[in-house]
Amino acid sequence: MIRHSMTRDEILSLIPDLSPEALAALTEAGVIQPLLGEGEPRFREIDAARLQLAVELEEMFRLDPEALGLVLSLIDQLNGIRGEMRAVLGALAEEPPETRARLRRVIHETRLLRVRRE
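Residues numbered from 1 in each chain as written. Predicted model: local features only at pLDDT ≥ 70, side-chain atom pairs only at ≥ 80, totals over all residues. Heavy atoms only, no water.

Going by what an unreviewed UniProt entry lists, the chain is known as Chaperone modulatory protein CbpM and is assigned to Paracoccus chinensis.

Structure below.
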């Protein structure tokens, strides 16, 4: 459930470095997906965070909206992988010590084999 959403004017006032044109371009590029209902689009807190990050990345690296979309997609994937890794590590922590030791050895050997092949 959405706790609070913002209008276009509210999001623009929240992020002063974001122009109306940039907001439209980032929306069109899929960087954010505002809620569409009756009236004008509504922006969530996650949209504001993504827009702020997009503005900062654009300022630092001069990326166009499509490139920003790609970079943010990669960041999303990385965050997803981090969450999965935390879940795997949590599950492994519940295993008996001998299982954890065996898995450490297998992981170490797998990493060594990969490095030798490269």
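Right, picking up where we left off after that structure.
(A) Here's a closer look at the nonpolar core. Ile-11, Leu-18, Leu-23, Leu-26, Val-31 and Leu-51 are the most contacted members of the largest nonpolar core, which totals 17 residues. Elements with a minimum of two residues in this core: helix H1 (8–14), helix H2 (20–28), helix H3 (45–61) and helix H4 (65–93). Once you skip the residues sitting within four places of it in the chain, Ile-11 turns out to touch Met-6, Leu-23, Phe-43, Ala-48 and Leu-51. (Core = buried A, V, L, I, M, F, W, Y, C linked by side-chain atoms within 4.5 Å. Buried < 20%, exposed > 50% of the residue type's maximum accessible area, 1.4 Å probe, protein only. Helix = DSSP H or I, 4+ residues; strand = E, 2+ residues; numbered from the N terminus. Contact = heavy atoms within 4.5 Å.)

(B) Representation of H3 within the structure. The terminal C-alpha atoms of H3 lie 24 Å apart, and with 17 residues this matches the ideal 24 Å at 1.5 Å per residue to within 8%. Buried within H3 are the following residues: Asp-47, Ala-48, Arg-50, Leu-51, Ala-54, Val-55 and Leu-57. Just past H3, the residue Arg-62 takes up positive phi, approximately 55°. (Expected span 1.5 Å × (residues − 1).)

(C) Expanded view of the pattern of salt bridges. Tallied over the entire structure, the rule returns four salt bridges. A salt bridge links Asp-9 to Arg-8, with the shortest nitrogen-to-oxygen separation between them at 3.4 Å. (Salt bridge = Lys/Arg side-chain N within 4 Å of Asp/Glu carboxyl O.)

(D) Geometry of the packing of H3 against H4. Look at H3 against H4: their axes get within 10 Å of each other, and the N-to-C directions meet at 120°. In terms of their interaxial angle, H3 and H4 are classed as oblique. Crossing of H3 against H4: the hand is right-handed. Along the contact surface, H3 presents Arg-50, Leu-53, Ala-54, Leu-57 and Glu-58, while H4 presents Leu-68, Val-71, Leu-72, Ile-75 and Asp-76. Class assignment for the residues of the contact of H3 with H4 results in seven nonpolar, no polar and three charged. (Axes fitted to C-alpha atoms, helices over the stretch in contact; angles between N-to-C directions. Parallel < 35°, antiparallel > 145°, perpendicular 65-115°, else oblique. Left-handed = near helix turned anticlockwise from the far one by under 90°. Nonpolar A, V, L, I, M, F, W, Y, C, P; charged D, E, K, R; others polar.)

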